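Each chain is listed here by its residues.
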Amino acid sequence: MSFVVMFVAAWLSSFILYSMNKSLSVAENVFVYLIILAIGLNISWFVAEEFKLVDITRNGLSYTGFLIYRTVTFPILYVIMLNAAFKSGKTAGALLSACAVVAVILSLNGLMLFYEAFIYKKWNLFYDAVIIILLQAVSYGLLKLYRKAMYRGGDVR
Amino acid sequence: MILWEHFDRNEWYVLLMLIGSYAAVIALPRRIPAHLLILSLVWGFASATLLDFTIGGGMMDFYKVNDSNRYELTDVLTYLMFAPFGYFFIYGYELLNIRKKTLIYYILGWTVVGIGVQWISEWMKMTQYQGGYRYEYNIPVFLVIQTITGLFYGYLRAHPINHENKRETPG
């Protein structure tokens, strides 16, 4: 069941990103996606494989669901958040989209726990929330730096 | 996390490749805008990380990078070493003025380069295959990654945006 849940979540997040009015350029969207993908992969590796704080299922289908979540859904949610934040142009709107993404990711992690795709050994949802918020700050900061490089030149792709 | 198990030829190989590839990034005349240079480096780093953590680790674990299955500092340097190759791909794309009809030859050429680099990397003990993974299985990986890179860069070239599209920062 966790595979189905994660597949639907990946499909839904991709479709929301596709259909929303984006305020980031294609290059910016891909930049945020890749940054969060690379950092998220490293964090999940440290938490699960290096420090063994979380057990990840060895069931093939559930593990595929986890890979889909880690590779597609998780970074795309940050891309959606930043598009929504920049579109609103106000602090309140940005905070609202950030809080919504925290809630969605924690809910998805809760579902993965419920379906035993993850087992938290020395870990909990609070630590998840801390990492999600830190990554939000990192993605926002790096996007601002990227924008500086992007709009310094003339013709932008 | 450990620094390395034994500082031997794979560590020397990673360090020399790292220095050589970044020196080339700095030394090459600029042909693409700064933001695309950054994006291509991030693309190279992220794709290497994604592949290593997906098929080279976890449940599949088809190859070992450097001396052990543990996370080493040399592993981070290895992923950083792959970052400039994203840039070299884009650089060559511009240098050779690649178009739709020539993209296939360009990708095939890079696949040959990739096979060569992987062969040297295996010889230098940077990658060690396991679990029935064979050397030639890298070819589909190269084809998929390079095709996505080529098509995406072609899209970016065809759809430039202007300064007016810049949105204000929230807050």
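The rules behind these values
- Residues numbered from 1 in each chain as written.
- Chains lettered and ligands numbered in written order.
- Predicted model: local features only at pLDDT ≥ 70, side-chain atom pairs only at ≥ 80, totals over all residues.
- Heavy atoms only, no water.
- Helix = DSSP H or I, 4+ residues; strand = E, 2+ residues; numbered from the N terminus.
- Buried < 20%, exposed > 50% of the residue type's maximum accessible area, 1.4 Å probe, protein only.
- Contact = heavy atoms within 4.5 Å.
- Core = buried A, V, L, I, M, F, W, Y, C linked by side-chain atoms within 4.5 Å.
- Buried area = accessible area lost by both parts, 1.4 Å probe.
- Polar contact = N/O pair within 3.5 Å; in protein donor to acceptor, adjacent residues only side chain to side chain.
- Nonpolar A, V, L, I, M, F, W, Y, C, P; charged D, E, K, R; others polar.
- Salt bridge = Lys/Arg side-chain N within 4 Å of Asp/Glu carboxyl O.
- UniProt positions renumbered as here; feature names shortened; annotations may be inferred.

- As recorded in an unreviewed UniProt entry, chain B goes by DUF2878 domain-containing protein and comes from Paenibacillus sambharensis.

## Focus on the environment of Val79 of chain A
Residue and element names in this part refer to chain A.
For step 1, the next point in the chain: Mapped onto the fold, Val79 is located in helix α3 (residues 60-88).
For step 2, the next point in the chain: A relative accessible area of 1% places Val79 in the buried class.
For step 3, the next point in the chain: Spatially, the C-alpha atoms of Val79 and Lys22 are 9.5 Å apart, while their sequence positions differ by 57 residues.
For step 4, the next point in the chain: In this structure Val79 touches Leu17, Asn29, Val32 and Tyr33, once residues within four positions along its chain are discounted.

## Points about the nonpolar core
The tendency in soluble globular proteins is for nonpolar side chains to be buried side by side.
For step 1, the next point in the chain: With 78 residues, the main nonpolar core has Val32, Tyr69, Tyr78, Ile105 and Phe118 of chain A together with Leu39 and Tyr87 of chain B as its most contacted residues.
For step 2, the next point in the chain: Among residues more than four places away in sequence, those in contact with Leu39 of chain B are Ala27, Val30, Phe31, Leu34 and Tyr146 of chain A together with Phe152 and Leu156 of chain B.
For step 3, the next point in the chain: In terms of nonpolar packing, the next biggest core, distinct from the first, is built from eight residues, Tyr13, Leu77, Met81 and Val117 of chain B among them.

## Some details on the environment of Val54 of chain A
All names here are of chain A.
For step 1, the next point in the chain: Tracing the sequence through the fold places Val54 in strand β1 (residues 54-56).
For step 2, the next point in the chain: For the pair Val54 and Tyr120, spaced 66 residues apart in the sequence, the C-alpha separation amounts to 4.6 Å.
For step 3, the next point in the chain: When near neighbours in sequence (up to four residues on either side) are disregarded, Val54 contacts Val47, Ala48, Phe118, Ile119, Tyr120, Lys121 and Trp123.

## Topic: the interface of chain B and chain A
For step 1, the next point in the chain: Contacts between the two partners involve 39 residues from chain B and, on the opposite side, 41 residues from chain A.
For step 2, the next point in the chain: Together, the buried faces of chain B and chain A total about 3700 Å²; carbon and sulfur atoms form 68% of this surface.
For step 3, the next point in the chain: Remark: the boundary between chain B and chain A carries six residue pairs in polar contact (both at pLDDT 80 or more).
For step 4, the next point in the chain: Breaking the side of chain B that touches chain A down by element, the ones donating at least two residues are α2 (34-54) and α5 (138-158) of chain B.
For step 5, the next point in the chain: By residue number, the principal contributor to the side of chain B that touches chain A is α2 of chain B, which donates 12 residues.
For step 6, the next point in the chain: Taken together, the residues of the side of chain B that touches chain A sort by class into 21 nonpolar, 12 polar and six charged.

## Some points on the pattern of salt bridges
For step 1, the next point in the chain: Under the criterion given, the structure shown has five salt bridges over all chains.
For step 2, the next point in the chain: The salt bridge partner of Asp55 of chain A is Lys121 of chain A, with a shortest N-O separation of 3.7 Å. With Asp55 of chain A in strand β1 and Lys121 of chain A in the loop between β2 (118-120) and α5 (125-150), this residue pair connects regions lying 66 residues apart in the sequence.
For step 3, the next point in the chain: Under the relative-accessibility criterion, Asp55 of chain A is labelled partly exposed at 34%.
For step 4, the next point in the chain: Between Glu136 of chain B and Arg134 of chain B there is a salt bridge, with the nearest N and O atoms lying 2.7 Å from each other.
For step 5, the next point in the chain: A relative accessible area of 36% means that Glu136 of chain B is categorised as partly exposed.
For step 6, the next point in the chain: Note on Arg134 of chain B: relative accessible area 46%, which makes it partly exposed.

## Points about the side chain of Arg157 of chain B
For step 1, the next point in the chain: Topologically, Arg157 of chain B is positioned in helix α5.
For step 2, the next point in the chain: At 3.1 Å, the side chain of Arg157 of chain B and the side chain of Glu94 of chain B are in polar contact.

## Structural notes on the UniProt feature "transmembrane region" (unreviewed entry) in chain A
Residue and element names in this part refer to chain A.
For step 1, the next point in the chain: Following the UniProt record, the feature "transmembrane region" (unreviewed entry) maps to residues 31-48, 60-86, 92-113 and 125-143 here.
For step 2, the next point in the chain: What you have in residues 31-48 is 100% helix and 0% strand, and the ends, taken at the C-alpha atoms, are 26 Å apart.
For step 3, the next point in the chain: Between the end C-alpha atoms of residues 125-143 there is a gap of 26 Å, over a span that is 100% helix and 0% strand.

## Notes on the side chain of Asp75 of chain B
All names here are of chain B.
For step 1, the next point in the chain: Among the structural elements, Asp75 can be located in helix α3 (residues 73-95).
For step 2, the next point in the chain: Overall, Asp75 belongs to the buried group, its relative accessible area being 5%.
For step 3, the next point in the chain: Within the structure, the side chain of Asp75 is placed 2.9 Å from the side chain of Asn66, a separation counted as a polar contact.
For step 4, the next point in the chain: Beyond its immediate sequence surroundings of up to four residues, Asp75 is in contact with Val65, Asn66 and Arg70.

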